[in-house]
Amino acid sequence: MIEYSGAEWLVLVQQELLLFAGAFFLIGALDEITVDFAWIWLKLTGRARTETLAPEHESELELSGPAAVFIPTWQEAAVIGTTIRHALAVWPHSQLRMYVGCYDNDPATLAAAAVAGGTDSRLRIVVQPKPGPTTKADCLNSLYAALQTDEARTGKQASMVLLHDAEDMVDPAALTLIDRSMQTADIVQLPVLPEPQPTSPWIAGHYCEEFAEAHGKAMVVRDALGAGMPLAGVGCAISRAMLTRLAAQNGGQRPFADGSLTEDYELGLGVAELGGSGRFVRMRHEDGRLIATRACFPAKLDQAVRQKTRWVHGIAFQGWDHLGWSGKPSEFWMRLRDRRGPFTALVLAAAYLLLVLSAIVWALNAFWQGPSMELNALLRAVLALNFISFAWRAVWRFAFTAREYGLGEGLLAILRIPVANIIAIMAGRRALMAYVATLSGEAPRWDKTDHSAHPATHSAVLAAGRGSR
């Protein structure tokens, strides 16, 4: 039996971690490179061209039919008023009706929404029948019930339902663009652009590059493949007819998955399973600004971790439970990508542990002659390929971020990679613990993010996306 010293054990663990992390980093890199080259092909063939919305269409006030906007809220007094005022101002369409869900044990949000609506008859505040917070999906189902009541009373049915969050700043041209796009689709998703926040360049800022790349490349490829279109919960719409079909699966009353933490994600894939079609629509204003929903994302570490915990829990764990897999190759691939969050967190944790162990081994060797890891041909190849793939990823992240936010944010996107990794590790661990708790019978609750900033009152929004063509 071979006996190892403490230093030798460190080297053995160091070597195993290198093989584990290195191998799975390469698998992940191959997955991303496949998406990269698919996007390049779509660009070269003209299928991924971002067109410009003609000026005469930006201010169209006639919709093809009545449109309803659902906004669920819980403790959003700081932002809901701005969201309502801005949306009603830039969307003056007479066929628009906004449904804002509030709880009677959240009087501050209820009052802020009522004041913001003023005398505009297009706003309807729906007080939830249960004390809050329940879940976002439960609140949305109450808004759906209110819509049904209004439709029965007026005899007019909405043609589509848009989903937004309490902190969103809608684009003036978005409603017209969605209305036109819904003529050939059952669901439509527009891009989401997080707002850069000078007071939180690292935490809030890391969302900028993630959404810029995901909604500039990954969703474009997904749309081209015809895979299920996961909705982001904001800047998206679903046809009224399809919403009825989804509700019919739950007794005709509740189209949104009550027990899900990411009901928007499940809604999009549920439409695909019913044979519905989805579109991801990217267009720009004449001045180059992307037509997108803008929002201020969490600016503190604990808030970012909590938000991403909900995403990982809902998409990776609940998505697997509720939706399963698919025999269609492209759909299977996309769902596998969606659900890689927990495993990615594990691989990243192994990689950072490897860095710590390597530093310890280096320090030991600096003071006395100890064992060191021998880099054979395989390990050298793994390290070289991972370095190349990291550089490749950094270039793509820089390019997509700079395209929407400018060169400064593009450079910061590269520097923020460790920040994004640490948040992913923390969220993955927390999501696993939360999922295990639900297996023992604990009901999911609306573990929402606190919002205090709004893009409509944020000066940086004027520069967001400017100069990108």
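In what follows, the accompanying structure is described. (Residues numbered from 1 in each chain as written. Predicted model: local features only at pLDDT ≥ 70, side-chain atom pairs only at ≥ 80, totals over all residues. Heavy atoms only, no water.)

### Digging into unusual backbone geometry
Piece 1. Backbone torsion omega between Gly-132 and Pro-133 reads -5 degrees, so that peptide bond is classified as cis.
Piece 2. Positive phi, normally seen in glycine, also occurs at Gln-75, with a value near 55 degrees.
Piece 3. Tracing the sequence through the fold places Gln-75 in the loop between β2 (67-72) and α3 (80-90). (Helix = DSSP H or I, 4+ residues; strand = E, 2+ residues; numbered from the N terminus.)

### Examining the nonpolar core
Piece 1. Core analysis: the biggest nonpolar cluster contains 41 residues, and Phe-70, Tyr-99, Val-161, Leu-163, Ile-238, Phe-256 and Leu-267 have the highest contact counts within it.
Piece 2. Sorting elements by how many residues they give to this core places helix α5 (residues 136-154) first, with six residues.
Piece 3. Here Leu-267 is in contact with Leu-163, Leu-231, Ile-238, Leu-243, Leu-246, Pro-255 and Phe-256, once residues within four sequence places are set aside.
Piece 4. Counting 36 residues, the second-largest nonpolar core is a separate cluster that includes Ile-71, Val-79, Ala-87 and Ala-166. (Core = buried A, V, L, I, M, F, W, Y, C linked by side-chain atoms within 4.5 Å. Buried < 20%, exposed > 50% of the residue type's maximum accessible area, 1.4 Å probe, protein only. Contact = heavy atoms within 4.5 Å.)

### Some remarks on the environment of Thr-449
Piece 1. Along the chain, Thr-449 falls in the segment after α15 (417-439).
Piece 2. Every residue in contact with Thr-449, bar those within four places of it in the chain, is listed here: Glu-76, Pro-298, Gln-303, Arg-306, Gln-307 and Arg-310.

### A closer look at the packing of aromatic side chains
Piece 1. Taken as a whole and assessed by the stated rule, the structure comprises 17 aromatic pairs.
Piece 2. With centroids separated by 6.0 Å and ring planes inclined at 15 degrees, the aromatic side chains of Phe-37 and Trp-392 adopt a geometry described as stacked. Linking Phe-37 in helix α1 (residues 6-44) with Trp-392 in helix α13 (residues 377-405), this pair joins segments that are 355 residues apart in sequence.
Piece 3. Taking the relative accessible area as the measure of exposure, Phe-37 reaches 48% and is therefore partly exposed.
Piece 4. For Trp-392, a relative accessible area of 31% corresponds to the partly exposed category.
Piece 5. Ring-pair connections join several aromatic residues into one group, and the members of that group are Phe-37, Trp-39, Trp-392, Trp-396 and Phe-400.
Piece 6. Just above the ring of Tyr-207 sits the side chain of Lys-308; from NZ or CZ to the centre is 5.2 Å. (Phe/Tyr/Trp six-rings, centres within 6.5 Å; stacked < 30°, edge-to-face > 60°. Lys NZ or Arg CZ within 6 Å of the ring centre and 35° of its normal.)

### A closer look at a nonpolar patch on the surface
Piece 1. Taken together, the side chains of Phe-24, Ile-27, Phe-343 and Leu-346 make up a nonpolar region of the molecular surface, amounting to roughly 360 Å² of accessible area.
Piece 2. Every element with two or more residues in the nonpolar patch is listed here: α1 and α12 (341-367).
Piece 3. Here Phe-24 shows up in helix α1.
Piece 4. The exposure class of Phe-24 is partly exposed, given its relative accessible area of 33%. (Patch = residues over 30% accessible without salt bridge, like charges linked within 9 Å, V, L, I, M, F, W, Y side chains within 5 Å. Areas by Shrake-Rupley, 256 points an atom, 1.4 Å probe, with all protein chains shown as cover. Salt bridge = Lys/Arg side-chain N within 4 Å of Asp/Glu carboxyl O.)

### Concerning the pattern of salt bridges
It is possible for side chains of opposite charge to pair when their charged atoms get near one another.
Piece 1. Under the defined criterion, the tally for this structure stands at 29 salt bridges.
Piece 2. Between Arg-240 and Glu-151 there is a salt bridge whose closest N-O contact spans 2.8 Å. Here Arg-240 is found in helix α8 (residues 240-248), whereas its partner Glu-151 is found in helix α5, with 89 residues between them in sequence. Side by side, Arg-240 and Glu-151 carry an identical accessibility label, which is buried.
Piece 3. Linked by salt bridges that have partners in common, Asp-36, Glu-213, Lys-217, Arg-393 and Arg-397 make up one network.

### Describing the sheet that holds strand β9 (residues 278-280)
Whether parallel or antiparallel, the strands of a sheet pair through hydrogen bonds between backbone atoms.
Piece 1. Spatial strand order, β4-β3-β2-β5-β8-β6-β9: seven strands in an open sheet with mixed pairing. Taken across any chain shown, the strands that pair with only one partner, and hence form the sheet edges, are β4 (123-127) and β9. Taken over all neighbouring pairs, the strand axes of this sheet differ in orientation by 20 degrees on average, direction set aside.
Piece 2. Where strand β6 (residues 187-189) meets strand β8 (residues 236-239), three bridges bridge the pair, whose relative direction is antiparallel. Bridge assignment links Ile-187 to a residue of β8, and that residue is Ile-238.
Piece 3. Contacting β2, β3 (96-102) and β4, α3 runs over the sheet at an angle of about 175 degrees to β3.
Piece 4. Strands in contact with α8 are β5 (160-163) and β8; relative to β8, the strand with the most contacts, it is inclined by about 75 degrees. (Pairing = 2+ DSSP bridges. Axes fitted to C-alpha atoms, helices over the stretch in contact; angles between N-to-C directions.)

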